[in-house]
Amino acid sequence: MNHSQLITSTIKFVKETLSNAEGGHDWFHIERVWKNAQLIASSEQNADLLIIELGALLHDIADSKFHNGDESIGPKVAREFLEDQQVDENTIHEVTQIIKHISFKGGHQEATYTSKELAIVQDADRLDAIGAIGIARTFNYGGFKGNKLYDPDIAPKLNMSKCEYKKGDNPTVNHFYEKLLLLKNLMKTQTGKRLAQQRHQYMEQFLEQFYAEWNGEV
C-alpha cells in the first residue's frame with residue numbers, strides 16, 4: 001500500500017471511529033490538525049511526512065478524556081489499525097509515540113520522548129486549541145462538561161496536577177489561563193510559533209471584550 005492509499009484508508013477509519021465524537025474532538029478537529037501538520041512540515045527539513053500525517057490523523061482516535069482517563073487505548077487502537085494495514089514496525093512505533101506524548105496534560109510533565117515529527121504534530125494540535133477555533137472548542141467542551149462560563153470567585157489553577165487537569169471542571173474562562181494562553185510559548189517549530197502569535201493575540205482581545213461585557217462596561 002502506497003502513501004496515498006494508506007492516508008485514504010486512515011481517513012476512512014478515523015471518520016468512522018469518531019462519527020459520534022464530541023464537537024471539539026471530532027473528524028473536523030482531526031482534519032484541521034492534519035492540514036496544520038502538513039503546512040508546518042512543508043517548512044521543516046528531514047521530517048518523515050508519512051509519520052507526521054498518520055500521527056496527526058490518529059492522535060485523538062481514542063482520547064483519554066472520553067475513556068475514563070485511560071491513556072493506553074489510543075496507542076493500542078492506532079497500532080491495531082496500522083498493523084492491519086501492514087505498516088512497518090518503525091512507522092507504527094513512531095506514530096504511537098506521538099499519540100502517547102502529544103497531550104498537554106497540565107503542561108508540567110517532563111518530556112520523555114522527542115522527535116521532529118512529534119514536535120510538528122504537537123504544534124499542529126496546539127494551533128487548533130488557540131485562536132478563534134480554540135475559543136469555540138473550549139466553550140463547546142465546557143458545555144459538554146456542564147461547566148460554568150465564568151465565575152469571578154473561582155480563580156484559575158495555574159499549577160494543576162495531571163489528575164486535576166484531566167478532571168476539567170473549572171469555569172471555561174479559567175481554561176484560557178490554565179492552558180490556552182500558555183501554548184504560544186510551548187510551540188517548537190518556527191512556523192508553529194509564527195502562527196500561534198496571531199492566534200494568541202486574538203484570544204487576548206476576546207478576553208478583554210468578554211470582561212468588558214461581563215462588567216457592563218460596553
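Residues numbered from 1 in each chain as written. Predicted model: local features only at pLDDT ≥ 70, side-chain atom pairs only at ≥ 80, totals over all residues. Heavy atoms only, no water.

Asks: Would you explain the pattern of salt bridges in this entry?
Replies: Should their charged atoms come close, side chains of opposite charge can pair. In total, this model carries eight salt bridges according to the counting rule given. Residues glutamate 83 and arginine 79 are paired through a salt bridge, measuring 3.0 Å at the closest nitrogen-oxygen approach. Here glutamate 83 and its partner arginine 79 are both found in helix H4 (residues 73–84), four residues apart, which amounts to about one turn of the helix. For glutamate 89, the salt bridge is made with arginine 79, and the minimal N-O distance between the two is 2.9 Å. Of this pair, glutamate 89 sits in helix H5 (residues 89–101) while arginine 79 sits in helix H4, and the two are ten residues apart along the sequence. Accessibility expressed as a relative area gives 45% for glutamate 89, which makes it partly exposed. (Salt bridge = Lys/Arg side-chain N within 4 Å of Asp/Glu carboxyl O. Helix = DSSP H or I, 4+ residues; strand = E, 2+ residues; numbered from the N terminus. Buried < 20%, exposed > 50% of the residue type's maximum accessible area, 1.4 Å probe, protein only.)

Asks: Would you mind going over the nonpolar core with me for this structure?
Replies: One broad trend across soluble globular proteins is that nonpolar side chains are buried collectively. Ranked by size, the top nonpolar core spans 50 residues in total, and within it Leu58 and Leu82 carry the most contacts. Counting residues per element, the ones that place at least two in this core are helix H1 (3–17), helix H2 (27–41), helix H3 (49–58), H4, H5, helix H6 (116–127) and helix H10 (190–214). Here this core takes seven residues from H2, the largest share from any one element. In contact with leucine 82, other than residues within four places in its own chain, are Leu54, Leu58, Val87, Ile92 and Val95. (Core = buried A, V, L, I, M, F, W, Y, C linked by side-chain atoms within 4.5 Å. Contact = heavy atoms within 4.5 Å.)

Asks: Explain the packing of aromatic side chains to me, please; I cannot follow it from the model alone.
Replies: How two aromatic rings sit relative to each other is given by the distance of their centres and the angle of their planes. Applying the stated rule across the entire model yields eleven aromatic pairs. Relative to phenylalanine 206, the ring of phenylalanine 139 has its centre 6.0 Å away and its plane inclined at 65°; by these criteria the two rings are edge-to-face. Placement of the pair is phenylalanine 139 in helix H7 (residues 131–145) and phenylalanine 206 in helix H10, with a sequence separation of 67 residues. Measuring from ring centre to ring centre gives 4.8 Å for tyrosine 150 and tryptophan 214, while their planes differ by 80°; the resulting arrangement is edge-to-face. One end of the pair, tyrosine 150, is in the loop between H7 and helix H8 (162–167); the other, tryptophan 214, is in helix H10, and 64 residues separate them in sequence. Residue classification places tyrosine 150 among the buried positions, given a relative accessible area of 18%. An aromatic cluster is present here, built from Phe139, Tyr150, Phe176, Phe206, Phe210, Tyr211 and Trp214 joined pairwise through their rings. (Phe/Tyr/Trp six-rings, centres within 6.5 Å; stacked < 30°, edge-to-face > 60°.)

Asks: When you look at H10 in this model, what are you seeing that I'm missing?
Replies: Turn by turn, an α-helix covers 3.6 residues, leaving residues three or four places apart pointing in a common direction. With 25 residues, H10 ought to run about 36 Å at 1.5 Å a step, and its terminal C-alpha atoms sit 36 Å apart, in line with that. Elements that come into contact with the buried residues of H10 comprise H2, H6, H7 and helix H9 (174–178). One or two steps after H10, the chain reaches glycine 216, where phi turns positive at roughly 65°. (Expected span 1.5 Å × (residues − 1).)

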